[in-house]
Amino acid sequence: MTAGPATVIPAQPGPPPAESLPSAAPVAAAAGVPVAAPPPAPPATWPGAAQPAQQPGPPSGVPQQYAPPQQFAPVQQFAPPQQYTPPQQPYGPPQQYGPPPQPYAPPQQFAPPGQYGPPPGFPQVGAPGQPAQFVHQPLTQTHPAPGYGWPPPHLPPPPRRSLLWPVLTTLLVVSMVLALGGAAAAALALRGGGGGETDLVSSTWVDMRSGVGGKAIEELLGRHTEAVKKKDLNAWMADVDQSDAAFVKRQKQLFDNLAKMPFADISFDRTRLPARQLAKFLPTQLFDRYHAAVHVEAVTIRHRVEGVDSKTVATPWMPVVAWTNGKWLIVGDAAGKDMPLGANGQPWDSTGPVAVLRNDRIIAVVSADDAQRGRNLLQMAETSLKEVIEVRPSGWDGKVLFTAVQDKRIFDTYFAESQERVAQVAAIAVPFYNQVGDWAGSPAYSSTRVVFNPTQLTAQTEELAHDLTHEFAHAAMGPVTTARTPRWVVEGFAEYVAYKKDKVPAAGIRQALGNLVISTLPTDDQFYAEPRNYIASWLANRMIAEKYGQAKLIAFYEAFQNVSEVESAAREVLGVGVSTLEQQWRDYVAQQRG
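In this text, all values refer to a predicted model and were calculated from it rather than measured experimentally.

A. Looking closely at the side chain of Asp407. Among the structural elements, Asp407 can be located in the loop between β14 (400-404) and α9 (408-412). One polar contact links the side chain of Asp407 to the main-chain amide nitrogen of Thr351, over a distance of 2.9 Å. Discounting residues that sit within four places of it in the chain, Asp407 has contacts with Asp349, Ser350, Thr351 and Pro454.

Next comes the structure, spelled out in structure tokens:
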């Protein structure tokens, strides 16, 4: 590891997953300015609890790796005194980038729902005589996970096969084993050479040609599809190796969670990829156990969640299959930090039981133990969704599925290459497509899922509400967000929606911006390096809405589906050039600072 209005699909895959950094900042009543306070200790309960806590097609026959950008949502919050107000960060590819999380707290009513957190170094407003404080530090750069619109790199064409291939394969196996002496190397050689179907597994006793082994595995996946549809655990487990008790337990839990999901449709489809592309994901211990008769399969789970998805959503699954006891069985799970976006990050991947809560427009998947308290989160999400729909009533499905389970691995999977930033993000909006981006050339956007960092579920109610509004705003604009949409537009718009109903005092804005020089609109490369760009971008979006109208702001955002420069979008929609737009922004910020 995309959704949106039935009538609008981006010319090229849209924006990256967006994250929300945690933030919290109480406001000093005396000064009327919010004060950022350090994150409170996790309470015994969360949301509503008695004691709240605060992506050109690839060369013929060769798939590309789709890696669209992502977006984070730094945590910002301006809260009124003692009654903590919204915090957090904007949408941001996967996605997921943002300045290092540090909380900043603008004035009292400057508290968007707790979505993204201000980038590191973002000052938090404090009462007179109190030093500025920093809550969480938002990410400083974009997370490399797939987001919207970046075409994957071309892979080199597979080498031609020859009649000497079997002999060369054997020699390659022997030489690599002798030279490297590693089981992993042997596994690669045994599975390795070209890029065709028959290269998936090559041995004298396992035939993986399409009509033989490949067909058998496709039939296995077909049985898995029917098992989920019929909620038949025995049928599911019949194709699972029973020799590993721990794996058997995980498979039973996986099935149980899948059975609870309200799928309108689902299928497990084998995606044929070259062996070399998948070999690196095979755990060494599984090769040691099954030798040449084991390999990783690329499976696309195509599904629609009833009441949420108008289009088919594709997510990746990478089971390990082996020829054992005269048949193919699923014997384990692939592993590795380069797995496609979304692998092991779906709500049903939770290692514990889940509960599915829903209302007319929202489905929330939480840990079973949190089912009762999760209803408060669902109600909060409904309020946040209404706020987003008021700004963006059409152009998307208007419905959301979000995950808030206690299994941190579900959230962490979106940060495989940057685990150090996980703690800085409160939530992330992840775009999904009609094909797995890493395995397809040009997938079309289908839907955006919101995933919460379980460590943030103990945050204050206002903070969680802000996070929900911010991420839902990203979901609403997902169908029209592309790799060309500037970060200041994407993040600033989400902040605009989240803070729309708040009245922000000049003192709060003044202190939140500090000595930040408002000169030219931040470039994507610069955006996350300065946490206060979130505030500046929020003001840029609000200025456009107030001066030209909210409809023009949305049209400006949508213009980047067809143009890539702010100059072109501004002239087309607002009737002014970028230099004029920036001057208007500078004047507006100066006025808001007071």
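B. Inspection of unusual backbone geometry at higher detail. Although it is not a glycine, His291 sits at a positive phi angle of roughly 55 degrees. Within the element layout of this structure, His291 appears in the loop between α7 (284-290) and β7 (294-296). Phi is positive for Asn344, which is not a glycine, with a value near 70 degrees. Mapping Asn344 onto the fold places it in the loop between β11 (327-333) and β12 (354-358). By relative accessible area, Asn344 is classed as partly exposed at 23%.

C. Layout of the packing of aromatic side chains. Scanning all chains against the criterion turns up 16 aromatic pairs. Seen from their ring centres, Trp488 and Phe556 are 5.9 Å apart, and the 45 degrees between their planes marks the pair as tilted. With Trp488 in helix α11 (residues 487-499) and Phe556 in helix α15 (residues 550-559), the pair connects residues that are 68 residues apart, well separated along the chain. The exposure classification of Trp488 matches that of Phe556, with both residues buried. Chaining the aromatic ring pairs together yields one cluster made of Trp236, Phe255, Phe268 and Trp317.

D. Spatial organisation of helix α10 (residues 461-477). A rise of 1.5 Å per residue sets the reference length of α10, with its 17 residues, at 24 Å; its end C-alpha atoms lie 25 Å apart and thus fit the reference within 8%. Counting buried residues in α10 gives 14 out of 17 residues, a clear majority hidden from the surface.

E. Spotlight on the environment of Gln424. Locating Gln424 in the fold gives a position in the loop between α9 and β15 (427-433). The exposure class assigned to Gln424 is buried, which follows from its relative accessible area of 19%. Each C-alpha atom of the pair Gln424 and Gln456 lies 9.9 Å from the other, and the pair is 32 residues apart in sequence.

F. Highlighting the confidence of the model for the protein. A residue-level look at the protein finds 64% of positions with pLDDT of 70 or above and a mean pLDDT of 74. Here residues 1-13 scores under 50 on pLDDT; set against residues more than four positions off or in separate chains, the count is 63 contacts. Note that residues 21-205 has pLDDT below 50 and, in this model, 832 contacts with residues that lie over four places away or in other chains.

Conventions adopted
Residues numbered from 1 in each chain as written. Predicted model: local features only at pLDDT ≥ 70, side-chain atom pairs only at ≥ 80, totals over all residues. Heavy atoms only, no water. Helix = DSSP H or I, 4+ residues; strand = E, 2+ residues; numbered from the N terminus. Polar contact = N/O pair within 3.5 Å; in protein donor to acceptor, adjacent residues only side chain to side chain. Contact = heavy atoms within 4.5 Å. Buried < 20%, exposed > 50% of the residue type's maximum accessible area, 1.4 Å probe, protein only. Phe/Tyr/Trp six-rings, centres within 6.5 Å; stacked < 30°, edge-to-face > 60°. Expected span 1.5 Å × (residues − 1). pLDDT = per-residue confidence, 0-100.

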